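Residues per chain are reported as follows:
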Amino acid sequence: MIRTLIADDQEAVRRSVRRILDAQPDIEVVGEAADGLAALELAAELRPDVALVDIRMPRLDGLEVTRRLAGPGVAEPVRVVVLTTFDLDEYVYPALRHGASGFLLKRSGPSLLAEAVRAAADGESLISPSVTVRLLKHVTAPRRSGPSAPVVLLTEREVEIAGQVAAGRTNADIAAELFISPGTVKTHVASIQRKLGVANRVGIAVHAWEMGYAVPN
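What comes next concerns the included structure. Keep in mind that what you see is a predicted model, and the values were worked out from it rather than measured.

### Describing the overall build of the protein chain
- On a plain count of helices and strands, the protein chain comes out with 10 helices and five strands.
- Relative to its 217 residues, the protein chain shows a buried fraction of 52%.
- Sequence-distant contacts in the protein chain: of pairs separated by 6 or more residues, those separated by 24 or more amount to 67%.
- For the protein chain, the exposed area adds up to about 10100 Å²; of that, 53% sits on carbon and sulfur atoms.

### As for the nonpolar core
- The biggest cluster of nonpolar side chains holds 25 residues, and the ones touching the most others in it are Ala33, Ala51, Val53, Val65, Leu69, Val80 and Val82.
- Those elements that place two or more of their residues in this core are strand S1 (2-7), helix H2 (36-46), strand S3 (50-54), helix H3 (62-70), strand S4 (79-84), helix H4 (92-97) and helix H10 (201-211).
- Considering every element that reaches this core, the biggest residue donor is H2, with five residues.
- Here valine 65 is in contact with Gly36, Ala39, Leu40, Val53, Met57 and Leu60, once residues within four sequence places are set aside.
- Among the nonpolar cores identified, the runner-up in size contains 20 residues, and Ile161, Ala166, Ile174 and Tyr213 belong to it.

### Structural notes on the environment of histidine 98
- Along the chain, histidine 98 falls in the loop between H4 and strand S5 (102-105).
- Judged by its relative accessible area of 23%, histidine 98 falls in the partly exposed class.

### Description of the layout of surface pockets
- Looking at the second largest pocket, its volume works out to about 200 Å³.
- Lining the second largest pocket, in full, are Arg79, Asp122, Gly123, Glu124, Asn171, Lys186, Val189, Ala190, Gln193, Ala199, Asn200 and Arg201.
- Here the lining of the second largest pocket takes four residues from helix H9 (residues 182-196), the largest share from any one element.
- Here the residues of the lining of the second largest pocket sort into three nonpolar, four polar and five charged.

### As for the side chain of aspartate 35
- Examined against the element boundaries, aspartate 35 turns out to sit in the loop between strand S2 (27-33) and H2.
- In this structure the side chain of aspartate 35 is engaged in a polar contact, spanning 3.1 Å, whose partner is the backbone nitrogen of leucine 37.
- A polar atom in the side chain of aspartate 35 sits 2.8 Å from the backbone nitrogen of alanine 38.
- Aspartate 35 has contacts with Met57, Pro58 and Arg59, leaving out every residue within four places of it along the chain.

### With respect to the packing of helix H7 (residues 156-166) against helix H8 (residues 171-178)
- Close contact between H7 and H8 brings their axes to 10 Å; oriented N to C, the two are set at 130°. By the angle class used here, H7 and H8 are oblique. Viewed along their axes, H7 and H8 form a crossing whose handedness is right-handed. Across from Arg157, Glu160, Ile161, Gln164 and Val165 in H7, the residues of H8 making contact are Ile174, Glu177 and Leu178.
- Counted by class, the contact of H7 with H8 contains four nonpolar, one polar and three charged residues.

### Comments concerning the pairing of S1
- Most of S1 sits inside the fold, with five of its six residues counted as buried.
- Strand direction decides the pairing type here: S1 and S2, joined by six bridges, are parallel. Counterpart to isoleucine 6 in the pairing with S2 is glutamate 32.
- Traced from S1 through helix H1 (residues 11-22) to S2, the parallel crossover comes out right-handed.
- Of the pairings in the sheet, the one linking S1 to S3 comprises four bridges and is parallel in character. Residue pairing for S3: alanine 7 is matched across the bridge by valine 53.

### As for H8
- Of all the residues in H8, the buried ones are Asn171, Ile174, Ala175 and Leu178. Looking down the long axis of H8, one finds its buried residues gathered within 100° of arc, a one-sided arrangement.
- Packed against the buried residues of H8 are H7, H9 and H10.
- At the exit of H8 stands phenylalanine 179, carrying a positive phi of roughly 60°.

About the thresholds
- Residues numbered from 1 in each chain as written.
- Predicted model: local features only at pLDDT ≥ 70, side-chain atom pairs only at ≥ 80, totals over all residues.
- Heavy atoms only, no water.
- Helix = DSSP H or I, 4+ residues; strand = E, 2+ residues; numbered from the N terminus.
- Buried < 20%, exposed > 50% of the residue type's maximum accessible area, 1.4 Å probe, protein only.
- Contact = heavy atoms within 4.5 Å.
- Areas by Shrake-Rupley, 256 points an atom, 1.4 Å probe, with all protein chains shown as cover.
- Core = buried A, V, L, I, M, F, W, Y, C linked by side-chain atoms within 4.5 Å.
- 1 Å grid on protein atoms, 1.4 Å probe; cavity = no way out; pocket = protein on both sides within 12 Å on 5 of 7 lines; lining within 4 Å.
- Points joined across faces, edges and corners; volume = space filled by probe spheres on them.
- Nonpolar A, V, L, I, M, F, W, Y, C, P; charged D, E, K, R; others polar.
- Polar contact = N/O pair within 3.5 Å; in protein donor to acceptor, adjacent residues only side chain to side chain.
- Axes fitted to C-alpha atoms, helices over the stretch in contact; angles between N-to-C directions.
- Parallel < 35°, antiparallel > 145°, perpendicular 65-115°, else oblique.
- Left-handed = near helix turned anticlockwise from the far one by under 90°.
- Pairing = 2+ DSSP bridges.
- Right-handed = clockwise from strand over helix to strand, strands pointing away.
- Arc of directions from axis to C-beta.

Spelled out as structure tokens, the structure:
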């Protein structure tokens, strides 16, 4: 079972999300928090596999909650999926930088919500062309490395795979596209994450969009 925490200041949203997740055979909601500080306290107490975190909450916003649960240097990170009402919420990009494993609109359907939780639990990220990739296009402007930007040396194959990740493709999709095994893709993804110093596939996607080598959807 994927143990999940819901953090949102709206009771109706928490109730709706819980109803959807409790209907899944492999997901269990272990707690609900109405604000950011409560989310941190419950996460420390319950140690969920995944936390669904609203980006705007009282006492502590979702950005800071994400940083404390999943950010660089966290000893025992919790995988975080950010929830927001707006397609282009100005806080989403920093949240991804702080280690969030996915981005989801609150109006997303039940199947996408469950998919986001499963993807996060599996160490993947929900980067669907209809949601996260579109967000990344708006909040990241393609650029090239310059004197003020650190140069990260990726191999030609790693650049190719990073571009595919930025298009929202899974390891299986990339393997089929490039005629290699999913295990080889997984190894390359791990290498890219290590070189970039990012926590997950979302970080790879952000880098690919910034550097201008994300492939078309």
